[in-house]
Amino acid sequence: MTVLLRRADVVVLIGAALVARAAGAGHRVIAAGLGRAPETVRGWLRRFDGRACSVRGLFVGLLVDVAAGDPVPPGPAGSAFADAVAAVLAVVGAVASRWPGVAGMSPWQVASAVSGGRLLAPGWP
């Protein structure tokens, strides 16, 4: 999936904002870099932040289910937000090794598919 429900921008762009925030950037800097309105980016970040612990748990569980052998979940990344982003990114390698057709997908396309496009939609997960 390349989009998220109720969002006008592609998931890869939203994912870039999430990664930048996990690295410590603020919403205004991220918005300027992506060419989006600061209010839009702030909305993405707030929505993700509000469910970061649930997203991390879901993606770490997926990593354990999908990875071959005994996967090592990502360690602490400094905040619940950054931990959730790290968990999403960690799943992509496991998914790509199990389903080679996924290898060319962005981590955020995988996240969109896993969430049924609802990564930032109300009521998910």
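Refer to the structure presented above.
The paragraphs below set out a description of the structure included in this document. Only a predicted model underlies this, so the values are computations on that prediction, with no experimental measurement involved.

1. Some words on the overall build of the protein chain
Point 1. Across its full length, the protein chain holds 6 helices and 0 strands.
Point 2. Secondary structure of the protein chain in N-to-C order comes out as α-α-α-α-α-α.
Point 3. Over its C-alpha trace the protein chain gives a radius of gyration of 14 Å, about what one expects of a compact globule, namely 14 Å for 125 residues.
Point 4. Summarising its shape, the C-alpha atoms of the protein chain cover approximately 45 × 30 × 25 Å along the three principal directions.
Point 5. Classification of the 125 residues of the protein chain by burial places 40% in the buried group.
Point 6. Taking the contacts inside the protein chain whose residues are at least 6 apart along the sequence as the reference set, 64% of them involve residues at least 24 apart.
Point 7. Roughly 6,200 Å² of accessible area belongs to the protein chain as shown, and the carbon and sulfur atoms make up 57% of that amount.
Point 8. Charged side chains of the protein chain number 12 positive and 6 negative; the gap between the two group centres comes to 8 Å.

2. A few points about the pattern of salt bridges
Point 1. What the rule picks out here adds up to 1 salt bridge.
Point 2. A salt bridge links Arg36 to Asp9, with the nearest nitrogen and oxygen atoms 2.6 Å apart. With Arg36 in the loop between helix H2 (27–34) and helix H3 (38–50) and Asp9 in the segment before helix H1 (11–22), the pair connects residues that are 27 residues apart, well separated along the chain.
Point 3. Residue classification places Asp9 among the buried positions, given a relative accessible area of 13%.

3. Quick look at the nonpolar core
Point 1. Membership of the largest hydrophobic core comes to 35 residues, with the highest contact counts inside it found for Leu18, Phe48, Val55, Phe59, Trp108 and Leu119.
Point 2. Those elements giving two or more residues to this core turn out to be H1, H2, H3, helix H4 (52–66), helix H5 (80–98) and helix H6 (107–114).
Point 3. In terms of residue count, H5 provides more of this core than any other element does, 9 residues in total.
Point 4. In this structure, Val55 is in contact with Phe48, Ala84, Val88, Leu119, Trp124 and Pro125, ignoring residues within four places of it in sequence.

4. Examining H1
Point 1. Between its terminal C-alpha atoms H1 stretches 16 Å, which fits the 16 Å expected from 12 residues at 1.5 Å a residue.
Point 2. For H1, the full list of buried residues reads Val11, Leu13, Ile14, Gly15, Ala17 and Leu18.
Point 3. Where H1 is buried, its residues touch H2, H3, H5 and H6.
Point 4. Two residues or fewer past H1, Gly24 is found with a positive phi of approximately 110 degrees.

5. Concerning the side chain of Arg51
Point 1. Mapped onto the secondary structure, Arg51 falls in the loop between H3 and H4.
Point 2. Of the side chains with opposite charge, Asp49 comes closest to the buried, unpaired Arg51, at an N-O distance of 9.8 Å.
Point 3. For Arg51, the side chain forms a polar contact with the main-chain oxygen of Arg47, separated by 3.4 Å.
Point 4. Polar contacts involving the side chain of Arg51 include one to the main-chain carbonyl oxygen of Leu119, which spans 3.0 Å.
Point 5. If we ignore the near neighbours within four places in the chain, the residues touching Arg51 are Arg118, Leu119, Leu120, Ala121, Pro122, Gly123, Trp124 and Pro125.

6. Details of the environment of Ala67
Point 1. Tracing the backbone shows Ala67 in the loop between H4 and H5.
Point 2. Taking relative accessible area as the criterion, Ala67 reaches 17% and is therefore assigned buried.
Point 3. Ala67 sits 36 residues away from Ala31 along the chain, and the two C-alpha atoms are 34 Å apart.

7. Side note on a nonpolar patch on the surface
Point 1. Together, Val3, Val10 and Val12 make up a nonpolar patch on the protein surface, roughly 220 Å² of accessible area in all.
Point 2. For Val12, the position within the fold is in helix H1.

8. Some words on unusual backbone geometry
Point 1. Following Trp124, the chain continues to Pro125 via a peptide bond in cis, the omega torsion being -5 degrees.
Point 2. Positionally, Pro125 belongs in the segment after H6.

9. Examining the packing of aromatic side chains
Point 1. According to the stated counting rule, one finds 1 aromatic pair in the structure shown.
Point 2. We note Arg21 situated over the ring of Phe81; from NZ or CZ to the ring centre the distance is 5.9 Å.

How each quantity is defined
Residues numbered from 1 in each chain as written. Predicted model: local features only at pLDDT ≥ 70, side-chain atom pairs only at ≥ 80, totals over all residues. Heavy atoms only, no water. Helix = DSSP H or I, 4+ residues; strand = E, 2+ residues; numbered from the N terminus. Rg over C-alpha atoms; globule rule 2.2 N^0.38 Å. Buried < 20%, exposed > 50% of the residue type's maximum accessible area, 1.4 Å probe, protein only. Contact = heavy atoms within 4.5 Å. Areas by Shrake-Rupley, 256 points an atom, 1.4 Å probe, with all protein chains shown as cover. Lys, Arg positive; Asp, Glu negative; His and termini not counted. Charge placed at Lys NZ, Arg CZ, Asp CG, Glu CD. Salt bridge = Lys/Arg side-chain N within 4 Å of Asp/Glu carboxyl O. Core = buried A, V, L, I, M, F, W, Y, C linked by side-chain atoms within 4.5 Å. Expected span 1.5 Å × (residues − 1). Polar contact = N/O pair within 3.5 Å; in protein donor to acceptor, adjacent residues only side chain to side chain. Patch = residues over 30% accessible without salt bridge, like charges linked within 9 Å, V, L, I, M, F, W, Y side chains within 5 Å. Phe/Tyr/Trp six-rings, centres within 6.5 Å; stacked < 30°, edge-to-face > 60°. Lys NZ or Arg CZ within 6 Å of the ring centre and 35° of its normal.

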